[in-house]
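Here are the chains, one letter per residue:
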Amino acid sequence: MERIYLDNAATTRVRPEVAAEVMPIMTETYGNASSVHAFGREAKKALEKARTQVAAAIGAKKEEIFFTAGGSESDNWALKGAAHQLRAKGNHIITTAIEHHAILHTCKALEKEGFVVTYLPVDEYGLVTPEQVEAAITPQTILVSIMMANNEIGTIEPIAEIGAVCKKHGVLFHTDAVQAIGHVPVDVKAMNVDMLSMSGHKFYAPKGVGALYVRTGVRLENLIEGGAQERSRRAGTENLPAIVGMGKAIELITAEQEAENVRLTALRDRLIQGVLEKIPDSRLNGHPTRRLPGNVNISIRFIEGESLLLSLDMVGIAGSSGSACTSGSLDPSHVLLAIGLPHEIAHGSLRLTLGRDNTEQDVDYVLEQLPKIVERLRSMSPLYADYVSNKQ
């Protein structure tokens, strides 16, 4: 049986080149980067090389990169650290209704502390405008956090324009770029970004490592207290193997970005067109063109997302119905509800996310199997039977 992985937005396979870079760090360069002896100095050198690689990928200075345990920690640190640091200046935060839960749940936690959060609505494609952000800014606004690209529907937000608005009003601007790195060109200076979150396992690095870019001059309250690691701003012995892997992975993916985006976009559009043509009463979610090159999010009426995923898995196709962080939830996606889909259609969503290992043959196999699965599942749906009879 074919085995096709189409859940690259949830996590990616570590690249062979990255694994080759990581192995010696576990077996040879295994010192603590804080130690003064030769083993420690070798580890420190590897750590700083990775920091330089990450900084170069986003147009930052190496001292502006702080390694974390992943995107969720980076998001938490950016929001809580900035809010607590600036509490005396104001208590208002602006974000959107379609952010990752690492942002939304952090905002809810801050609301319990007395902060006021504005959740901006999005249009039918999941876009928020710079004008919306500007209209929401008040004298009490201390922070704006808007994701660079949505993890479920793939829509890419106008980050540079929003950054310019924030800079004009003297408000800190954070962007969750976890899904964007390697697929969207990132220049933190040109985009007027003050803080940026990323996660290694979204671009073929190991799990459990991320980074937070913090522009020089931006002060954040520490999220983790302890030792003097990460220039005393994020305590804990560095996860050096994963950090080295992240450095290598981001260097590789940014070098290949332009050509790989062309390839993935062609596969994406072929898959979208095939599904919409072969499956009646299906629709694309997210912006048709301003979207991540590997993201396909389709809603299929009269189908439960869970049944669809299990049926696809039985024929060797791995997909998802939305964010991996909410896969255990029975509630429909907050992102799909925010773009205006009714509950019953939002429940029948399918997210297929392509990566560097996927081929045209993978797309063709999905287009061969998916319509048959949908037809079988719909044949068991009384709602679909009523719908068909009413159309006739």
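A. Expanded view of the overall build of the protein. Summing up its helical and strand segments, the protein has 13 helices and twelve strands in all. The globule rule puts the C-alpha radius of gyration for 392 residues at 21 Å, and the 22 Å found for the protein is close to it. On the principal axes, the C-alpha backbone points of the protein span a range of 75 × 55 × 35 Å. Looking at the protein as a whole, 56% of its 392 residues qualify as buried. For the protein, long-range pairs separated by at least 24 residues make up 75% of all intrachain contacts whose partners lie at least 6 apart in sequence.

B. Here's a closer look at the pattern of salt bridges. The full count for this structure, using the stated rule, is 20 salt bridges. Linking Glu-21 and Lys-49 is a salt bridge whose minimum nitrogen-to-oxygen distance equals 3.7 Å. In this pair, Glu-21 sits in helix 1 (residues 16–27) while Lys-49 sits in helix 2 (residues 38–58), placing the two residues 28 residues apart along the sequence. Owing to a relative accessible area of 47%, Lys-49 belongs among the partly exposed residues under this scheme. Notably, a salt bridge pairs Arg-234 with Glu-73, separated by 2.7 Å at the nearest N-O pair.

C. Quick look at the sheet that holds strand 12 (residues 349–353). Within the open sheet, the three strands sit side by side as 9-10-12. Their pairing is antiparallel. The sheet is open, and its two borders are formed by strand 9 (282–284) and strand 12, each paired with just one other strand. For this sheet, the mean inter-axis angle between neighbouring strands, taken without regard to orientation, is 25 degrees. Pairing of strand 9 with strand 10 (residues 295–300), which is carried by three bridges, proceeds in the antiparallel orientation.

D. Broad picture of the side chain of Lys-202. Counting through the fold element by element, Lys-202 comes out in the loop between strand 7 (195–199) and strand 8 (210–214). Among buried charged residues, Lys-202 stands out as having no salt bridge; its nearest opposite-charge side chain is Asp-7, 8.0 Å away. In contact with Lys-202, not counting residues within four places along its chain, are Ala-9, Ala-10, Thr-12, Val-178 and Gln-179.

E. Just empty space enclosed by the protein, in detail. For the coordinates displayed, the defined rule picks out three cavities of 30 Å³ or more. Here the largest cavity defines a volume of roughly 150 Å³. As for the largest cavity, its lining consists of 18 residues, and the residues nearest its centre are Asn-8, Ala-9, Gln-179, His-183 and Leu-354. Its volume calculated, the second largest cavity comes out at about 40 Å³. Along the lines of polarity and charge, the residues of the lining of the second largest cavity split into two nonpolar, one polar and four charged.

F. Quick peek at the pairing of strand 5 (residues 141–145). Most of strand 5 sits out of view: five of its five residues are buried. Sheet topology places strand 3 (residues 92–96) next to strand 5; three bridges connect them, and they run parallel. In the sheet register, Ile-94 faces strand 5, and the bridge partner there is Val-144. The parallel pair strand 5 and strand 6 (residues 172–176) is bridged by helix 6 (residues 159–169), and the resulting crossover is right-handed.

G. Spatial organisation of the nonpolar core. Grouped together as the largest cluster of nonpolar side chains are 68 residues, with contacts concentrated most on Ile-58 and Leu-196. With nine residues, helix 8 (residues 240–278) is the largest single contributor of residues to this core. Apart from residues lying up to four places away in sequence, Leu-196 is in contact with Ile-58, Met-148, His-174, Thr-175, Ala-177, Ile-181, Val-186, Val-188, Ala-211, Leu-212 and Tyr-213. Core analysis: the second largest hydrophobic core is formed by 28 residues, Leu-6, Val-315, Leu-354 and Val-366 among them.

H. Just the packing of aromatic side chains, in detail. Applying the stated criterion across every chain yields a total of two aromatic pairs. A ring pair is formed by Tyr-30 and Phe-39, whose centres lie 5.6 Å apart and whose planes are at 35 degrees; its orientation type is tilted.

I. Region of interest: the pairing of strand 10. In terms of burial, strand 10 is largely enclosed, as six of its six residues are buried. On strand 10, burial covers both faces: Asn-295, Asn-297 and Ser-299 on one face and Val-296, Ile-298 and Ile-300 on the other are all buried. Direction of pairing for strand 10 relative to strand 12: antiparallel, over a ladder of five bridges. Of the residues in strand 12, the one forming a bridge with Ile-298 is Leu-350.

J. Structural context of the packing of helix 8 against helix 12 (residues 360–379). Where helix 8 contacts helix 12, the two axes come as close as 10 Å, and the packing angle between them is 15 degrees. For the element pair helix 8 / helix 12, the angle class is roughly parallel. Helix-helix and strand crossings are classified by hand; for helix 8 and helix 12 the assignment is right-handed. Here Leu-267, Arg-270, Leu-271, Gly-274, Val-275 and Lys-278 of helix 8 lie close against helix 12, whose contacting residues are Glu-360, Val-363, Asp-364, Val-366, Leu-367, Leu-370 and Pro-371.

Parameters and conventions
Residues numbered from 1 in each chain as written. Predicted model: local features only at pLDDT ≥ 70, side-chain atom pairs only at ≥ 80, totals over all residues. Heavy atoms only, no water. Helix = DSSP H or I, 4+ residues; strand = E, 2+ residues; numbered from the N terminus. Rg over C-alpha atoms; globule rule 2.2 N^0.38 Å. Buried < 20%, exposed > 50% of the residue type's maximum accessible area, 1.4 Å probe, protein only. Contact = heavy atoms within 4.5 Å. Salt bridge = Lys/Arg side-chain N within 4 Å of Asp/Glu carboxyl O. Pairing = 2+ DSSP bridges. Axes fitted to C-alpha atoms, helices over the stretch in contact; angles between N-to-C directions. Lys, Arg positive; Asp, Glu negative; His and termini not counted. 1 Å grid on protein atoms, 1.4 Å probe; cavity = no way out; pocket = protein on both sides within 12 Å on 5 of 7 lines; lining within 4 Å. Points joined across faces, edges and corners; volume = space filled by probe spheres on them. Nonpolar A, V, L, I, M, F, W, Y, C, P; charged D, E, K, R; others polar. Right-handed = clockwise from strand over helix to strand, strands pointing away. Core = buried A, V, L, I, M, F, W, Y, C linked by side-chain atoms within 4.5 Å. Phe/Tyr/Trp six-rings, centres within 6.5 Å; stacked < 30°, edge-to-face > 60°. Parallel < 35°, antiparallel > 145°, perpendicular 65-115°, else oblique. Left-handed = near helix turned anticlockwise from the far one by under 90°.

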